[in-house]
Amino acid sequence: MNQTVRDSSPSQPAWFRNKRTARPLIVARWVPVALVGLPVAVLLAIVIYPTIWMFYHSLRDTNIQGLFMGSHEYIGFQNYATVIGSDRFQQSLIHLVQYLTFGACLQVLIGTVLALTLYEFVKSNALRTAILIILVLPMMLPPSIVGVLWRFLLTPSNGAVNQALLNIGLIKNHIEWFNAGVSLWSIIIADIWNWVALPLLIVYSGRVSLPPAVYEAARVDGAGQWKVMRRITLPMLKEVIAIAFILRFTDAFKFVDLVYIMTSGGPAQSSELPTYIAFQRGIREFAIGEAAAYAIVIFAISAVIITLFLKYMKRVMKAQGLA
Amino acid sequence: MARLEVDEICKGWDFPVIDELSFSVDEGEFFVIVGASGIGKTTLLRLISGLETPDAGRVIIGGADQTKLPPYKRRIAMTFESYALYPHLSVHENIASPLRARKVPAKERDRRVKEVARLLKIDHLLNRRPGEVSGGQKQRTALGRTLVADPEIFLLDEPISHLDAKIRHELRTQFHTLEDLRKVATVYVTHDYSEALSLGDRIGVMGAGGKLEQVGAPRDLFERPANLTVAEHLGQPTINVIGARLQSEDGTLFLRADSGELKFPVGKSNRALLERHGKEKITVGLRPQFIKPIEEAEDGAEPLTAEIDVFEPLGATGIMIANAGGVRLTALTNPEKHFEPGQTVTLAVDVDRFHFFDADSGVNLDRLN
Amino acid sequence: MIAAAAGRPKDAWRHVRLLFLAFLALWILFTVFPLYFMTITAFKTAAETNLTVPTFWPGDWQPRNFVGVFAEKTNFSALVDSFIIATANTALALFLGSLAGYAFARFPRQAGGENLAFWILSNRMFPPVAILVPMFFLFDSTPWGTDSHLSLILLYLVFNLPLATWLMMVFFRDAPVEIEEAAYLDGWTPLRAFAKVTLPLVLPGMISVAMLCWIFAWNEYLFANLFVGSAVRTYTIVIPTFTHGSQTLWNLQMAFSLIAMVPPVTLFILLRRYMVRGLSLGVVKG
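Counting restarts for each chain, with residues numbered from 1 along the sequence as it is written. The lettering of chains begins at A and the numbering of ligands begins at 1, in the order of writing. Where local features are concerned, this predicted model is filtered to residues with pLDDT of at least 70; where side-chain atom pairs are given and counted, the filter is 80 or more; whole-chain, interface and lining totals use all residues. With hydrogens and water set aside, each side-chain value is computed from the structure's full complement of heavy atoms.

(A) Main features of the packing of helix α6 (residues 87–121) of chain A against helix α14 (residues 238–254) of chain A. Residue and element names in this part refer to chain A. Taken N-terminus to C-terminus, the directions of α6 and α14 make an angle of 150 degrees; their axes are 10 Å apart at the nearest point. Classified by the angle between their axes, α6 and α14 sit roughly antiparallel to one another. Note on packing geometry: the crossing formed by α6 with α14 is right-handed. The segment α6 lies against α14, with Leu96, Tyr99, Leu100, Ala104, Cys105, Gln107, Val108 and Thr112 engaging Ile241, Ala244, Phe245, Arg248, Phe249, Ala252 and Phe253. Each residue receives one of three labels: charged for Asp, Glu, Lys and Arg, nonpolar for Ala, Val, Leu, Ile, Met, Phe, Trp, Tyr, Cys and Pro, and polar for the others, Gly being one of them. Of the residues belonging to the contact of α6 with α14, the class tally is 12 nonpolar, two polar and one charged. Fitted lines through C-alpha atoms serve as axes, helices being fitted only where they are in contact, and the angles separating the N-to-C directions of these axes extend from 0 to 180 degrees. By the criteria applied, helices consist of DSSP H or I runs no shorter than four residues and strands consist of E runs no shorter than two, each listed in order from the N terminus. Oblique is the label for any angle not under 35 degrees, not over 145, and not in the 65 to 115 range, which are roughly parallel, roughly antiparallel and roughly perpendicular in turn. Left-handed describes a crossing whose near helix is turned anticlockwise from the far helix by less than a right angle; the clockwise case is right-handed. By definition in these notes, contact holds between two residues if any of their heavy atoms fall within 4.5 Å.

(B) Broad picture of the domain arrangement of chain A. Residue and element names in this part refer to chain A. Domain ranges listed in this record stem from an automatic or a database domain assignment. When its domains are assigned, chain A resolves into domain 1 (20–74) and domain 2 (91–319). Placing a centre on the C-alpha atoms of domain 1 and another on those of domain 2 gives a separation of 32 Å. In this complex, domain 1 contributes 10 residues to the contact, which on the side of domain 2 involves 10 residues. Values labelled buried area give the accessible surface lost by two parts on being combined, using a 1.4 Å probe and summing over both. With both sides pooled, the region where domain 1 packs onto domain 2 buries about 750 Å², and carbon together with sulfur makes up 83% of that total. Among the residues domain 1 hides against domain 2, the three largest losses belong to Met54, Ser58 and Ile64. Together they make up 50% of the total. Basic side-chain nitrogens of Lys or Arg form a salt bridge, by our definition, when they fall within 4 Å of a carboxyl oxygen of Asp or Glu. On the surface where domain 1 and domain 2 come into contact, there are zero salt bridges. N or O atoms within 3.5 Å of each other form a polar contact, as long as, within protein, one can give a hydrogen and the other can take it, and as long as residues adjacent in sequence are counted only when both atoms are side-chain atoms. For the pair domain 1 and domain 2, the interface holds two residue pairs in polar contact (both at pLDDT 80 or more). Among the elements that take part in the side of domain 1 that touches domain 2, helix α3 (residues 30–58) stands out by supplying six residues, more than any other. Grouping the constituent residues of the side of domain 1 that touches domain 2 by class yields four nonpolar, five polar and one charged.

(C) Up close: a nonpolar patch on the surface. Distance thresholds for patches are 9 Å for like charges and 5 Å for nonpolar side chains (Val, Leu, Ile, Met, Phe, Trp, Tyr), applied to residues having over 30% relative accessible area and no salt bridge. Here the open area of atoms and residues is found with the Shrake-Rupley method and a 1.4 Å probe, where only the protein chains shown may cover a residue. A grouping of A:Ile134, C:Val32, C:Tyr36, C:Trp57 and C:Trp61 is seen on the molecular surface, where their side chains present a nonpolar patch of about 460 Å² in accessible area. Summarising the element assignment, A:Ile134 is placed in helix α7 (residues 125–136).

(D) Inspection of the interface of chain B and chain C at higher detail. Each side of the interface is counted separately: chain B has 22 residues, and chain C has 17 residues. Summing the contributions of chain B and of chain C, the shared interface buries around 1800 Å²; its carbon and sulfur component is 60%. Together, B:Tyr72, B:Tyr86 and B:His88 form the three largest contributors to the area buried by chain B at its contact with chain C, with a combined 32%. Put simply, chain B and chain C have one salt bridge between them. Residue C:Glu181 is joined to B:Arg46 by a salt bridge in which the shortest nitrogen-to-oxygen separation is 2.7 Å. Across the chain B-chain C interface, the total number found is eight residue pairs in polar contact (both at pLDDT 80 or more). Among the elements of the structure, α1 (41–49), β6 (76–79) and α2 (91–101) of chain B are those that each provide at least two residues to the side of chain B that touches chain C. At four residues, the largest contribution of residues to the side of chain B that touches chain C is made by α2(B). Taken together, the residues of the side of chain B that touches chain C sort by class into 13 nonpolar, four polar and five charged.

(E) A look at the sheet that holds strand β4 (residues 56–61) of chain B. Residues and elements named next belong to chain B. When DSSP locates at least two bridges between a pair of strands, those strands are taken to pair. Read across the sheet, four strands follow the order β2-β1-β4-β5 without closing on themselves; strand pairing throughout is antiparallel. Across the chains shown, the open sheet's two edge strands, defined by having one partner strand only, are β2 (16–25) and β5 (64–65). Its contacts with the sheet place α1 against β1 (4–12), β2 and β4, and it is angled at close to 60 degrees to β2.

(F) Region of interest: the domain arrangement of chain C. Domain boundaries assigned for chain C yield domain 1 (2–42) and domain 2 (72–250 + 261–279). Once you take the C-alpha centre of each, domain 1 of chain C and domain 2 of chain C turn out to be 38 Å apart.

(G) Seen up close, the confidence of the model for chain C. Residues and elements named next belong to chain C. The pLDDT averaged across chain C works out to 87; a share of 95% of its residues lies at or above 70. In the predicted structure, residues 1–7 sits below a pLDDT of 50 and forms zero contacts with residues beyond four places in sequence or in another chain. Taken together, the chains of this predicted complex give a pTM of 0.86 and an interface ipTM of 0.87. Scored between 0 and 100, pLDDT is the confidence that the predictor attaches to each residue.

(H) Representation of the pattern of salt bridges within the structure. All told, the structure shown has 32 salt bridges over all chains when counted by the stated rule. Two residues, A:Arg88 and A:Glu272, come together in a salt bridge whose shortest N-O distance is 2.8 Å. Taken together, the positions of A:Arg88 in helix α6 and A:Glu272 in the loop between α15 (257–262) and α16 (274–284) put the pair 184 residues apart, joining distant regions of the chain. For A:Arg88, a relative accessible area of 19% translates into the label buried. Of the charged contacts in the structure, one is a salt bridge between C:Glu180 and C:Arg106, with a shortest N-O distance of 2.9 Å. Of this pair, C:Glu180 sits in helix α9 (residues 177–186) while C:Arg106 is found in helix α4 (residues 73–106), placing the two residues 74 residues apart along the sequence. Each residue gets one of three labels from its accessible area relative to the maximum for its type: buried under 20%, exposed over 50%, partly exposed in between, using a 1.4 Å probe on protein chains only.

(I) Molecular detail of the nonpolar core. One finds B:Leu4, B:Phe23, B:Ile48, C:Trp166 and C:Phe227 to be the most contacted residues of the largest nonpolar core, which totals 246 residues. Setting aside anything within four residues of it in sequence, one finds C:Trp166 in contact with A:Met313, A:Met317, C:Ala117, C:Phe118, C:Leu121 and C:Leu281. Note on terminology: a nonpolar core comprises buried Ala, Val, Leu, Ile, Met, Phe, Trp, Tyr and Cys residues joined through side-chain atoms within 4.5 Å.

(J) Expanded view of the interface of chain C and chain A. Contact residues are listed per partner, giving 99 residues for chain C and 105 residues for chain A. Roughly 9200 Å² of surface becomes buried between chain C and chain A when both sides are summed, with 83% attributable to carbon and sulfur atoms. Three residues, C:Trp13, C:Met125 and C:Val283, lead the burial of chain C against chain A; their summed loss comes to 8% of the area buried on that side. Taking the shortest distance from any N to any O, the salt bridge between C:Glu114 and A:Lys318 comes out at 3.1 Å. Taken together, the connections running from chain C to chain A amount to eight residue pairs in polar contact (both at pLDDT 80 or more). Considering each element in turn, the side of chain C that touches chain A owes the most residues, 17 residues, to helix α1 (residues 2–42) of chain C.

This is the structure in structure tokens:
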């Protein structure tokens, strides 16, 4: 673009047509390259190298002995065929969709509702802060505590949740929280408890920083509360909500530890997510080649989604003058 | 203390901004660069200070070529349009910064900061943070930071244009009296011609091409502008510019305005100049103060009938915009007299004060020969 | 008639308001209940935690559980290990991230442009499962092995280095470049100008980035579970192992969890204002 502007105008002075980028006086040109080079090198070593390694073995019949003996053979896309053709993988994809819908999406919805309720209807500042802190507490816990705690709470025979529900009369019999068909819901409940605070916090802060002048104008125009919410607040929070959604969505693809701690994918693989299978096949069962194929498939799906998300984020940041 | 020479300096990014621009400022001289906003004035200062590297050309300070010297090795003090104060440091620490950088002992540092602060009347604010003082006080702090540094060159970038009128005038007066500023070479950048005329020992007018259109003493620039750009930039209200044709009637030379009936005889003093130029089309400039209602004028002025469009009484003077035969003219009047729009007046035009510019290039005719 | 028309939406709004407040109250209950049960369990005797009908108030208060947890020496050393790893990893991520973030903020073109910055950020979003296996074998072949502080300190850079780089870029962009330039003209060399002017300006941001990185490293489970376990144990992998025979020692487990929660919760309460900026990758100003 700049090039064409430059070349198309013959009237520009000779020094300009021939100029090269001037040598900066303050910080030599190699310095920024070196500053960025260090982290890039680290990431190449701990992210790119393993990814290539995984891709290499996804095309080979590597198992644990083979890996140590160096005896594994190229088998083309057989591992991928195994993975994609397997019921286990297809089942896990359905689980993933279930988790994304009720985990990630629902969390953003609930977080947004809570944030706006807190901002619009709770008038005392001290109360708001107190509620905010309480609601964010679960987010500060590691997955191992969350997993262990919820496994404890949901223990079917003598768990606190069943007992509490019995006491207030919502149920008559114990719910078998870790049976097939229920266990994934248990994981989702624990995850919602754990992470709803992220969209909540982000949307709340977004709402706080909306300019009050807009609302005064709306009040002068006599717009009703509901109209203000629908026509002003929600549209202006669109980007903020989208960012919260992006963060939860990409986290969902990384999600594996609660599955591992709470159910180990069980019973009978009924709560497995693709990432968990990759983890299980690679780490517990040492089917390296197949685990690698799982990982690469997950990687490819994430890459598409992440690229789309980052494109959107770039636009949002440009609009805010941040990038 | 040193002389500053800027030698054919060039800088461009997507298009040329500074194009082979040269000037020099003597030790003790106050040089003002005036030009419209966004024309490259700040870039020029950044080139001199070393914050930007020129694409070509040299910056010579005290006889030494410092083009390749990083800014922290030059002894240049500069104020920024945004003040660029350190928000986390007190006013005292802000002013002391150049002294600390050059490892001046604490006691001496403190003495000089207080001295400068007293001079700038901010000595009662030394313990405050920049966020806690007014705009004018911020500018004084920024100024203090440059004054205390004892530099070879001062660069001032629009130092007072963001302040309100009263403080602006106060600080402008202060620039006249600050001894330190008057000892070294100072380059002062502004878009306000009155600051330029008031402060500058010499003025450079910067045009759109990234060059200085004209350099000279304030009176010189005002009375003998090198071209139309300079003439239009200096003076308020803006100079009247009339496109005209040269006509000869019965041996007398006339100027006839392109649009309308307006016709002026050419004064004796200018006749030779126009004849030498030899072109029929000409651009005529006339400052508003040389057009007056006939009763205020001295004898010998050319009378002209006009209809008043707008009249602005401004206290010390009045500005009249009138339509004379299809040409809009701005005139300065005595404020005691009042005029109504639509009223017909007779104006007197001092034809000897005309400036003549080449119709194509805008260059003043007396520069062409 | 007019009054009724004007009154109706307001009434409706009042109902909506009550509905939402009720939802908020229920949600607070849902959030607090597990935390409450966790806390009272930590004060129960082991026997009480295994009753067929769980109690919602301890019959016999056992504050000594909080001391008893540390009868097992490894439990305390697990906290120490977690602390060492989280702190060293944070320092490393923050150092490298600040350098790169500064370069991206001040010299975007020379530093490789925004696409490189976004690439660095994207590394945080990819599933770590994809790299677990190769990293395990890679570290296994090094002299210090997988079961060491160093392995986790380096591995946690996978998520903390992109975060630190990206956020520091955002914070450095917030600090006006002119202030740095003013410092050069005062005679400060670039390094000293950075230390004297730029660093103090980004310090609040830097602290919030450090806290975020620290919490993420402190709470990490997946890598730790696979990589360490005997010579080095982080507290996150110790928590699921509170058993006595086939019985889980819920009371000690919950007491230990409560202790381990203290640092991140304290950091959050102190720094919640800055944290939103970090959690939202710089997009939402807190």
